[in-house]
Every structure is written in C-alpha cells, then in structure tokens.
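# Structural characterization, general
Here are the chains, one letter per residue:
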Amino acid sequence: MAYADNLLIVADNKEKAIEALTAISYLKQIGLTLNTKKSQIITDREDLKDVTEIADIKIQDNIEYLGFKIFYDRQKTVNSAKEKAKKYLEYLKIRIITNNQNLAQVIFLPYSDQPYFIT
C-alpha cells in the first residue's frame, strides 16, 4: 500500500520481504530512494524472533503508518484502531454539540453533557 511518500510492504516471509526491498531499489532510476533509517519492519514470525534487522532496516514491535499504529500482534492493532476511532467519534460529538463553534468559547459544566456557550 502506498500513499504519497509512505509505503507499506506486506510479505509472508523474509525472502519475499527482501525481494520487495530489492524491487524498491529500482526506484533510484527515477530519483527516489528508500530511507532505511526512517524505515521499519514488524513481524510475528517465530523464525525471525532473534533477528534484529533485515536489509539494514530495524525490526520493531509496532510501526505507525498514516497515523495508525500497526503491531505485530494483530489484536493490539485492532484495539489501537478501535481506540483511535472512539476518540475521533468523541471529537465529532463535541463538534456537533457545540454547533462547530470554537471550543475555546465553550465550557462544559460539571456533571452535564450540555455545553455552556460564552457570548
């Protein structure tokens, strides 16, 4: 998956990951390069649990891609996405309750979900 200058490679084994990284190296022909210092790899493979890097890219337990945390533990990824969605829904709820007014002009009184508007 790619968006702007962000790229996510999904591979089911080390060889395919290296193959994908090698293919990316051909982007040099059009002036693009892979920044291995800013790149990360996550894996849940048991055979790679003692490996710290592949092709000079460090293996992490999670990465952030387009604002979302992706963990090697799939359930953590789901939980993280749910939490982010809840926070965004709360934000939208506040925006609707306050009628899209500047939140600095709105005070929420204790024990009330109704806003008091400063005029």
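Residues numbered from 1 in each chain as written. Predicted model: local features only at pLDDT ≥ 70, side-chain atom pairs only at ≥ 80, totals over all residues. Heavy atoms only, no water.

### Points about helix α1 (residues 14-25)
The terminal C-alpha atoms of α1, which comprises twelve residues, lie 17 Å apart, in line with the 16 Å expected from a rise of 1.5 Å per residue. Where α1 is buried, its residues contact β2 (6-7), β4 (53-54) and β5 (57-60). (Helix = DSSP H or I, 4+ residues; strand = E, 2+ residues; numbered from the N terminus. Expected span 1.5 Å × (residues − 1). Contact = heavy atoms within 4.5 Å.)

### Focus: the sheet that holds β4
One key point about sheets: their strands pair by backbone hydrogen bonds, in either a parallel or an antiparallel sense. Sheet architecture is open: three strands sit in the order β3-β5-β4, paired in mixed fashion. Either end of the sheet is taken by a strand with one partner, and the two such strands are β3 (41-42) and β4. Pairing between β4 and β5: two bridges, direction antiparallel. Bridging from a neighbouring strand, isoleucine 54 pairs with isoleucine 57 of β5. (Pairing = 2+ DSSP bridges.)

### Let's talk about helix α2 (residues 74-97)
End to end, α2 covers 35 Å across 24 residues, agreeing with the expected 34 Å (1.5 Å per residue, within 8%). The opening residue of α2, the one whose side-chain oxygen lies 3.0 Å from the backbone nitrogen of glutamine 75, is aspartate 73. At the exit of α2 stands asparagine 99, carrying a positive phi of roughly 60°. (Polar contact = N/O pair within 3.5 Å; in protein donor to acceptor, adjacent residues only side chain to side chain.)

### Considerations on the nonpolar core
Counting seven residues, the largest nonpolar core consists of Leu21, Ile24, Ile41, Leu48, Ile54, Ile57 and Ile59. Taken together, the elements giving at least two residues each to this core come down to α1 and β5. Setting aside its immediate chain neighbours within four residues, leucine 21 contacts Ile9, Leu34, Ile54, Ala55 and Ile57. (Core = buried A, V, L, I, M, F, W, Y, C linked by side-chain atoms within 4.5 Å. Buried < 20%, exposed > 50% of the residue type's maximum accessible area, 1.4 Å probe, protein only.)

### Looking at the environment of threonine 43
Position of threonine 43 among the secondary structure elements: in the loop between β3 and β4. Threonine 43 sits 30 residues away from asparagine 13 along the chain, and the two C-alpha atoms are 9.2 Å apart. With residues near it in sequence (within four places) discarded, threonine 43 still touches Leu48, Ile59, Gln60 and Tyr72.

### A look at the environment of glutamine 40
Following the sequence through the fold, glutamine 40 ends up in the loop between α1 and β3. Overall, glutamine 40 belongs to the partly exposed group, its relative accessible area being 41%. Linking glutamine 40 and isoleucine 59, residues 19 residues apart in sequence, is a C-alpha distance of 6.0 Å. Ignoring anything within four residues of it in the chain, the contact list for glutamine 40 reads Ile57, Lys58, Gln60, Asn62 and Ile63.

### Let's talk about the pairing of strand β6 (residues 62-65)
As paired strands, β6 and strand β7 (residues 68-71) are joined by four bridges and run antiparallel to one another. Directly across from asparagine 62, in β7, lies its bridge partner phenylalanine 71. The antiparallel pairing of β6 with β7 creates a hairpin that spans two residues between the two strands, and leucine 66 there sits at a positive phi of about 55°.

### Describing the pairing of β5
Taken together, the two bridges between β3 and β5 define a ladder with parallel strand orientation. Bridging from a neighbouring strand, isoleucine 42 pairs with glutamine 60 of β5. Linking β4 back to β5 in an antiparallel pair, the connection comprises two residues, with alanine 55 at a positive phi of about 50°.

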